[in-house]
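Summary of the model geometry
The lines below spell out each chain.
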Amino acid sequence: MAHYTLDINGRLHEFEATPDTPLLWALRDSLGLVGTKFGCGVGLCGACTVHIDSVPTPSCRTPVSSVGRSQVVTIEGLDPKGAHPLQQAWQELDVPQCGYCQTGQTMTAAALLREKPNPTDAEIDVAMAGNLCRCATYLRIRAGIHRAAEIAARTRGKP
Amino acid sequence: MKRASRGLPAAPGIGRRAFLRQTSVGAGGLLLGMSLGPTGVVVTASTAAMGAAAATAFQPSVFIRIAPSGVVTLISKQPEIGQGIKTSLPMVIAEELEVNWKDVVVVQGDLDPAYGSQTAGGSTSTPNNYNDFRRLGATARTMLVQAAAQTWKLPPGECVAADGAVHHRASGRSLGYGPLATIASTLPVSDAATVKLKDPSDFKLLGTRIGGVDNAAVVTGEPLFGIDVKLPGMLYAVYDKCPAFGGRVVDANLDAIKTLPGVRDAFVVAGTANLTGLMPGVAIVAESTWAAFSARRQLRVSWDEGAAAGQSWDGFVARAQALARQPGATLLRKDGDPAAAFASATKTVEAAYTYPFISHANLEPQNCTAWFRDGAFEIWAPTQNPAAGQSLVAGTLGVPKDRITLHITRSGGGFGRRLSADFVVEAAAIAQRVGAPVKLTWSREDDLRHDHYRAGGFHFLRGALDARGELSGWHNHFVTFANRIARDGRAALQPGSGASLSGDEFPGRWVSNCLLEQTPIECSIPMGPWRAPGSNVFAWVVQSFIDELAHAADRDPLAFRLALLGERDVVPATVDRGLPYSVARMKRVLREVADKAGWGRRRLPRGQGQGIAFHFCHRGYVAEVAEVTVSKAGTLKVDRVVVVCDIGAQIVNLSGAENQVQGSIIDALGALMFQEVDIQRGRVVQGNFSDYPMIEMSDAPSRVEVHFLKTDHPVTGLGEPAFPPLAPAVCNAIYAATGKRVRQLPLRRIDLRWS
């Protein structure tokens with residue numbers, strides 16, 4: 001076991017773990033941040049997506065020993081009030097069915113919107129390809145990203 | 001209808017434990033139990049022996065509580081698995097209760113006999129509860145109106161409930177439900193059978209778009225799911241089962257495992273012979289999920305693999321082909337003289353349709369948390385079928401049901417997988433030995449390799465066309481899969497869930513010379529219900545072969561289908577537990593979908609095509625048109641799907657309903673295109689999404705247009721009926737586009753190139 005101090009959601013968190021422990025399990029079991037989900041364990045489903053220095057990353061493939069001083073953002077830290085444009089749009093359009101994948105979808109989509117504030121369907125499809133939704137709410141996820149882009153643009157337009 | 005009776009205990013269905021919990025939650029002066037019977041609602045009342053200060057909340061049933069603050073708490077008894085039931089059934093109560101949805105708090109109920117059936121399966125949650133829940137809401141509303149009338153000394157007929165208050169229009173007076181709750185709690189319970197229901201044309205909430213009640217928690221990542229459960233002192237477990245189904249543990253390196261970091265215990269669970277119960281295995285219990293997962297990589301188990309090791313998909317295929325040359329083991333239907341119809345046919349078409357086993361692949365892997373204390377279990381389970389979990393634990397581990405408390409968590413997808421309770425009994429068996437709360441988490445590989453699969457199958461079909469191009473003969477020899485089970489002390493072959501053809505399966509009852517027969521192949525592969533069991537493949541087989549026959553007769557596929565359905569109104573069932581089939585409803589959805597999709601109105605270039613299909617299941621009538629483009633290189637893109645559903649008189653939540661249908665369409669497309677479980681040496685080959693690909697966003701059709709017909713028929717559920725017609729609609733469209741007939745799934749194995 002080793003001692004780690006990681007910057008997660010703008011705060012330093014300390015915990016003990018073996019160096020190979022995936023960030024996913026440190027978040028879930030050690031820190032109680034369970035919004036990041038376990039789906040496949042090998043980076044194929046996107047349910048565990050977090051931002052590491054702003055890059056959407058599968059936390060199940062990220063050993064805690066590799067995080068270092070990087071800034072980690074999880075769904076719990078995406079917006080201080082849980083009101084990121086994507087979180088608003090998801091509720092407005094009633095995107096979730098079971099909801100299990102939606103935090104991962106949101107984290108991937110948030111990174112997309114930061115790079116491309118007004119993405120096309122094709123850009124959305126490419127960016128979201130690694131996030132499975134078993135309930136297949138894909139049409140609403142796509143619509144939700146467009147809606148979030150509108151909400152963000154409106155917010156930016158305000159003085 | 002029983003009148004309210006007072007005293008403890010309440011209804012026979014309410015155990016002491018349930019009663020006490022209700023009273024502690026409710027803190028109300030009046031407590032009513034209710035059991036939901038097939039004939040209607042039975043309401044029984046009992047006065048809780050509580051302190052004077054508690055007599056403030058109004059709790060006219062175990063599902064409804066109105067606090068003096070006016071907050072309305074509704075219990076959702078059904079498990080939420082993504083079908084939206086935690087939102088939609090409370091909406092039904094709220095509509096009749098005349099409360100504003102924003103004032104409603106929905107709480108998930110535990111497994112409790114007071115709630116009646118709590119199984120979420122077969123798209124039954126809505127039809128089984130809709131009418132009763134309307135009556136519940138109306139009963140409470142009636143009592144609140146009475147309370148106001150009594151306060152004002154007016155006839156109740158002059159008082160009207162709306163927006164969480166009772167109003168007297170003439171005098172302009174209003175009293176909120178909060179202040180009325182205390183008075184209402186002293187009134188005798190209104191008779192639910194005679195209480196006045198709202199005219200559906202006055203509905204304000206039902207039929208509108210309401211977001212899921214847990215959406216805010218979902219999008220912010222709050223703990224909701226079974227896998228999110230955390231208890232003080234909780235340990236984390238994995239459970240290793242034999243890769244070949246039914247294998248038993250001979251030996252394992254338990255001593256070495258126990259020395260690994262973070263491991264608290266490792267032991268063999270003997271298990272039972274029940275393929276969908278507690279299978280033998282090795283448990284590792286550790287201080288974290290990762291410690292358990294890591295230790296498992298060092299686990300070495302010697303297995304007695306048993307009979308399964310000799311089974312493979314290739315062997316099943318060879319066996320099915322041999323069986324196809326023989327008469328079926330079971331005759332399901334014989335009408336007319338099929339042999340003569342084929343002998344005199346103008347044209348005969350023969351085809352074999354094959355589909356593989358597939359997995360449910362819930363995105364939340366199976367998991368369960370259990371705590372065994374003082375001879376009793378407390379269980380937290382992401383389950384569709386909490387009662388089955390309790391029963392399996394009781395029967396397997398020898399703990400009476402009334403010593404097993406089961407909390408229903410949200411499930412990360414159901415699709416039928418969580419109707420089984422294997423993961424519940426595994427967690428319980430481990431917890432019984434450990435003496436601390438234990439969360440069992442399956443890996444993705446466990447989940448894909450120890451599913452209760454949708455059975456594969458083989459249909460050997462012949463169709464006869466007469467001189468007029470009408471379907472004069474139909475023969476299906478269905479070769480299916482069965483497990484050997486003990487029934488009444490004797491061995492029997494039990495076909496998998498959804499792996500039995502009904503004698504009434506369309507076009508049985510329609511073709512005058514019809515032969516349906518079935519032969520099982522024995523296997524050790526556990527099988528279970530998978531979204532729209534049976535229908536999810538039978539619709540593909542039947543509606544594809546009907547398309548073949550339409551083309552063989554040189555007739556339009558829609559016209560051929562309408563002619564086949566014929567002119568009868570309702571066709572009665574002819575088999576045990578069969579259902580009558582409304583031809584009128586089916587023809588209407590078929591005509592509507594053709595109209596909305598512009599069926600046959602455009603000439604499409606080669607490589608593009610439209611396909612049509614219909615299916616009746618789960619009391620829903622659904623027809624679909626798919627429009628596809630197949631590139632010369634054989635790449636399929638489904639451009640548009642039009643769906644018309646007749647699921648009765650009322651859509652409960654339009655947003656949820658549309659989401660279910662669109663999800664069903666894309667899920668069905670994913671199963672059609674990608675899903676396949678291969679069996680070799682009695683084990684599943686695939687282990688993760690690398691070799692068991694699931695549909696991604698880019699494969700979803702850009703347009704899925706959903707239309708609901710409002711008809712004068714009972715309200716029914718929508719988790720399943722939109723699924724089955726999609727695969728044949730797409731395959732029929734592929735034929736129209738390319739001339740290639742798909743008779744084997746999944747599509748990714750099929751060469752669709754054309755030139």
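**Things to note about the overall build of chain A**
Per the secondary structure count, chain A includes 5 helices and 5 strands. Listing the helices and strands of chain A from first to last along the sequence gives β-β-α-β-β-β-α-α-α-α. Here the C-alpha radius of gyration of chain A, 16 Å, is about what a compact globule of 159 residues would show, namely 15 Å. Along the three orthogonal principal directions, the C-alpha set of chain A runs to about 45 × 40 × 25 Å. Of all 159 residues assigned to chain A, the portion counted as buried reaches 57%. The contacts in chain A between residues at least 6 apart in sequence include a share of 60% that link residues at least 24 apart.

**Brief notes about the nonpolar core**
Judged by nonpolar contacts, the single largest core of 270 residues is most densely connected at B:Leu144, B:Ala237, B:Ile284, B:Val424 and B:Val730. What B:Val424 contacts, discounting residues up to four positions off in sequence, is B:Cys368, B:Ile379, B:Ala381, B:Thr383, B:Gly389, B:Leu392 and B:Val393.

**A few points about the environment of B:Leu558**
All names here are of chain B. Mapped onto the secondary structure, leucine 558 falls in helix α14 (residues 557–565). Accessibility expressed as a C-beta count within 10 Å gives 21 for leucine 558, which makes it buried. Dropping the residues within four chain positions of it, leucine 558 is found in contact with Leu590, Ala594, Trp599 and Ile612.

**A short note on the sheet that holds strand β5 (residues 72–76) of chain B**
Residues and elements named next belong to chain B. An order of β3-β4-β5-β6 is seen for the 4 strands of this open sheet, with the pairing classed as mixed. Of all the strands in the sheet, the pair left with one neighbour each is β3 (58–61) and β6 (104–108). The sheet shows a mean angle of 20° between the axes of neighbouring strands, taken without regard to direction. The pairing of β3 with strand β4 (residues 64–66) spans 2 bridges and is antiparallel. Paired with phenylalanine 58 across the strands is isoleucine 66, a residue of β4.

**Notes on the interface of chain B and chain A**
Residue-level contacts link 49 residues of chain B with 45 residues of chain A. Elements that contribute at least two residues to the side of chain B that touches chain A include exactly α5 (215–220), α7 (289–296) and α16 (654–673) of chain B. Split by residue class, the side of chain B that touches chain A holds 19 nonpolar, 21 polar and 9 charged.

**A short note on the sheet that holds strand β1 (residues 2–8) of chain A**
All names here are of chain A. Spatially, 5 strands are ordered β2-β1-β5-β3-β4 in an open sheet, and the strand pairing comes out mixed. Looking along the sheet, the strands with just one partner apiece sit at the ends: β2 (11–17) and β4 (55–58). Going across the sheet, the axis of each strand differs from the next one's by a mean of 45°, ignoring polarity. In this structure, strand β3 (residues 49–52) lies alongside β4, joined through 4 bridges in antiparallel fashion. Opposite histidine 51, over in β4, you have proline 56 as the bridge partner. Sheet strands touched by helix α3 (residues 102–115): β3 and β4. Its angle to β3, the strand with the most contacts, is close to 35°.

**Quick word on α3(A)**
For α3(A), which comprises 14 residues, the first-to-last C-alpha distance of 20 Å matches the rise-based estimate of 20 Å (1.5 Å per residue) to within 8%. Lining the buried residues of α3(A) we find β3, β4, α2 (85–92), α4 (121–127) and α5 (138–157) of chain A together with α5 of chain B.

**Overview of the domain arrangement of chain A**
Note on interface size: it is often stated as the accessible area lost on association of the parts. All names here are of chain A. Its domain assignment divides chain A into domain 1 (2–77) and domain 2 (85–157). The C-alpha-based centres of domain 1 and domain 2 are spaced at 22 Å. Counting residues per element, the ones that place at least two in the side of domain 1 that touches domain 2 are β3 and β4. By residue number, the principal contributor to the side of domain 1 that touches domain 2 is β3, which donates 3 residues. Counted by class, the side of domain 1 that touches domain 2 contains 7 nonpolar, 6 polar and 1 charged residues.

**Focus: unusual backbone geometry**
Among all residues except glycine, the phi angle is most often negative; among peptide bonds, the trans geometry is most common. Residues and elements named next belong to chain B. A cis amide bond links phenylalanine 506 with the next residue in sequence, proline 507, at an omega value of 5°. Positionally, proline 507 belongs in the loop between β23 (490–495) and β24 (514–522). A cis geometry characterises the amide bond from leucine 745 onward to proline 746, with omega recorded as -5°. Residue position: proline 746 is located in the segment after α17 (726–738). In the Ramachandran plot, glutamate 98 falls in the positive-phi region, its phi being about 60° despite a non-glycine side chain. Along the chain, the position of glutamate 98 falls in the loop between α2 (85–97) and β6. Non-glycine residue arginine 681 carries a positive phi angle of around 50°.

Analysis parameters
Residues numbered from 1 in each chain as written. Chains lettered and ligands numbered in written order. Predicted model: local features only at pLDDT ≥ 70, side-chain atom pairs only at ≥ 80, totals over all residues. Helix = DSSP H or I, 4+ residues; strand = E, 2+ residues; numbered from the N terminus. Rg over C-alpha atoms; globule rule 2.2 N^0.38 Å. Buried ≥ 20, exposed ≤ 12 C-beta atoms within 10 Å, placed from the backbone. Contact = placed C-beta atoms within 7 Å. Core = buried A, V, L, I, M, F, W, Y, C linked by C-beta atoms within 7 Å. Pairing = 2+ DSSP bridges. Axes fitted to C-alpha atoms, helices over the stretch in contact; angles between N-to-C directions. Nonpolar A, V, L, I, M, F, W, Y, C, P; charged D, E, K, R; others polar. Expected span 1.5 Å × (residues − 1). Domains from an automatic or database assignment.

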